[in-house]
Amino acid sequence: MTPPDQSLDLLVIATHPDDAELSVGGTIVKSVREGLKVGVLDLTDGEPTPHGSPEIRARETAAATAALGIGWRGNLGLPNRRVIDDLEARRSLAGAIRLIRPQIILAPYWDDAHPDHVAASRLADAARFWAKLSRTDLPGEPFHPPRIDYYWSIHLRIHPKPSYVVDISDAIEQKLDAVRCYESQVVTGRSQDFPTLIDDVRDRARYWGWTIHRAYGEPFACREEVGVESVRSIL
Ligand SMILES: [Zn+2]
């Protein structure tokens, strides 16, 4: 993994390429527009899947990265379908965090149907802690990302209560454009009169937008409290 040229404001840790786009694509787009330095670290290549290959997935990921407008994306090279929070994976991700030095980490929500996502959530927590350790042989300098928040995974068919919802009303189309780049994953074999995967993503974003009186939204959970500058921030 080649680290970014400068520290990031926002780092999305994604288990598989397309998870970032599906779950936080709108938040990424808005953050880039606001001038934040945003990057995505995929933990695996996401393959095998029924219609993909490592080469196809890499091409699709490059296209989606361009659609999001982010300046940096890396891949940690962990084995797809076999992600576990073991010491070697923790060491690898902690080293990456020390080199990337993000102010906020967005990680998969801790409860999910996909075992890789559950493991990735635990791994992100553990690596965030390890990243601050001194007197280790990890690369870079000790660093503790001030925040880690969790995004909703596509595989979780329940609605946990979020801690906050980001308004992505003016970023929904760019988010969907990024998701469409994963042609091999958008193919689901559904009948023509059934809503598509893109419909699913848009409708869920619409639901979360409805909860905050906006058009579209993306939900996040956090274990640590969210501070605001003033009441104006939540108007
Ligand atoms: Zn995934």
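Note: the structure precedes this text.
Residues numbered from 1 in each chain as written. Predicted model: local features only at pLDDT ≥ 70, side-chain atom pairs only at ≥ 80, totals over all residues. Heavy atoms only, no water.

> If you had to explain the coordination of the zinc ion to someone new, which residues and values would you point to?
For the zinc ion, the full set of protein donor atoms is His-16 (ND1), Asp-19 (OD), Asp-19 (OD) and His-117 (NE2), at a range of 2.1 to 2.4 Å. Note that the zinc ion binds four donor atoms; their angles at the metal cover 56 to 136°, and the shape is irregular. For the zinc ion, the donor residues sit on a single chain with the sequence spacing H-x2-D-x97-H. Overall, Asp-19 belongs to the buried group, its relative accessible area being 4%. (Donors = N, O, S within 2.8 Å, 3.2 Å for Na, K, Ca; no water. Tetrahedral: all angles 85-135°; square planar, octahedral: opposite > 155°, others 65-115°. Buried < 20%, exposed > 50% of the residue type's maximum accessible area, 1.4 Å probe, protein only.)

> Report on the nonpolar core, specifying residues and quantitative values.
If you look at the biggest cluster of nonpolar residues, it comprises 30 residues, and the most contacted ones within it are Leu-11, Ile-13, Leu-41, Leu-43, Leu-76, Leu-93 and Ile-100. For this core, the secondary-structure elements that each account for two or more residues are strand S1 (10-14), helix H3 (87-100), strand S4 (104-108), helix H4 (115-130) and strand S5 (147-151). Setting aside residues up to four positions removed in sequence, Leu-76 forms contacts with Leu-41, Asp-42, Leu-43, Ser-92, Leu-93 and Ala-96. Grouped together as the second largest cluster of nonpolar side chains are 26 residues, Leu-10, Val-12, Val-38 and Leu-106 included. (Core = buried A, V, L, I, M, F, W, Y, C linked by side-chain atoms within 4.5 Å. Helix = DSSP H or I, 4+ residues; strand = E, 2+ residues; numbered from the N terminus. Contact = heavy atoms within 4.5 Å.)

> So what's going on with a nonpolar patch on the surface? Which residues, and what values?
A cluster of nonpolar side chains, Val-226, Val-228, Val-231, Ile-234 and Leu-235, forms an exposed patch at the surface whose accessible area comes to about 530 Å². Assignment of secondary structure puts Ile-234 in the segment after strand S7 (217-221). Ile-234 gets classed as exposed once you look at its relative accessible area, which sits at 62%. (Patch = residues over 30% accessible without salt bridge, like charges linked within 9 Å, V, L, I, M, F, W, Y side chains within 5 Å. Areas by Shrake-Rupley, 256 points an atom, 1.4 Å probe, with all protein chains shown as cover. Salt bridge = Lys/Arg side-chain N within 4 Å of Asp/Glu carboxyl O.)

> Requested: an account of helix H2 (residues 54-68), with residues and values cited.
In a regular helix each residue adds 1.5 Å, so 15 residues correspond to 21 Å; H2 covers 21 Å between its end C-alpha atoms and thus fits that length. Among all positions of H2, only Arg-57, Glu-60, Thr-61, Ala-64, Thr-65 and Leu-68 are buried. All buried residues of H2 project into a common sector of 140° when viewed along the axis, lining one side. H2 presents Glu-55, Arg-59 and Ala-66 as exposed residues on the side facing more than 90 degrees away from its buried surface. On its buried face, H2 sits against helix H1 (19-33), strand S2 (38-42), strand S3 (72-75), helix H5 (172-180) and helix H6 (183-186). Gly-69, located one to two residues past H2, shows a positive phi value of around 85°. (Expected span 1.5 Å × (residues − 1). Arc of directions from axis to C-beta.)

> Help me get a handle on the environment of His-117, residues and values and all.
Within the fold, His-117 resides in helix H4. Judged by relative accessible area, His-117 falls into the buried class, the value being 2%. Each C-alpha atom of the pair His-117 and Asp-19 lies 9.6 Å from the other, and the pair is 98 residues apart in sequence. In this view, His-117 contacts Thr-15, His-16, Asp-19, Pro-108, Tyr-109, Asp-112, Ser-153 and His-155; residues no more than four positions away in its chain are not counted. Among the polar contacts listed, one links the side chain of His-117 to the side chain of Asp-19, at a separation of 3.2 Å. (Polar contact = N/O pair within 3.5 Å; in protein donor to acceptor, adjacent residues only side chain to side chain.)

> For H4, give the residues involved together with the corresponding values.
Taking 1.5 Å per residue, 16 residues should reach 22 Å; H4 reaches 22 Å between its end C-alpha atoms and fits that length. Buried residues of H4: Asp-116, His-117, Val-118, Ala-119, Ala-120, Ser-121, Leu-123, Ala-124, Ala-126, Ala-127 and Arg-128, and no others. Tucked into the core, H4 has its buried residues touching S1, H1, H3, S4 and S5.

> Give me the pattern of salt bridges: which residues, what numbers.
This model, assessed by the stated rule, comprises 16 salt bridges. Residue Glu-47 pairs with Arg-57 through a salt bridge whose shortest N-O separation is 2.7 Å. In this pair, Glu-47 is assigned in the loop between S2 and H2 and Arg-57 in helix H2, connecting sequence segments ten residues apart. Residues Glu-47 and Arg-57 agree in their burial class; the two are buried. One network of salt bridges, in which partners are shared, links Asp-18, Glu-47 and Arg-57.

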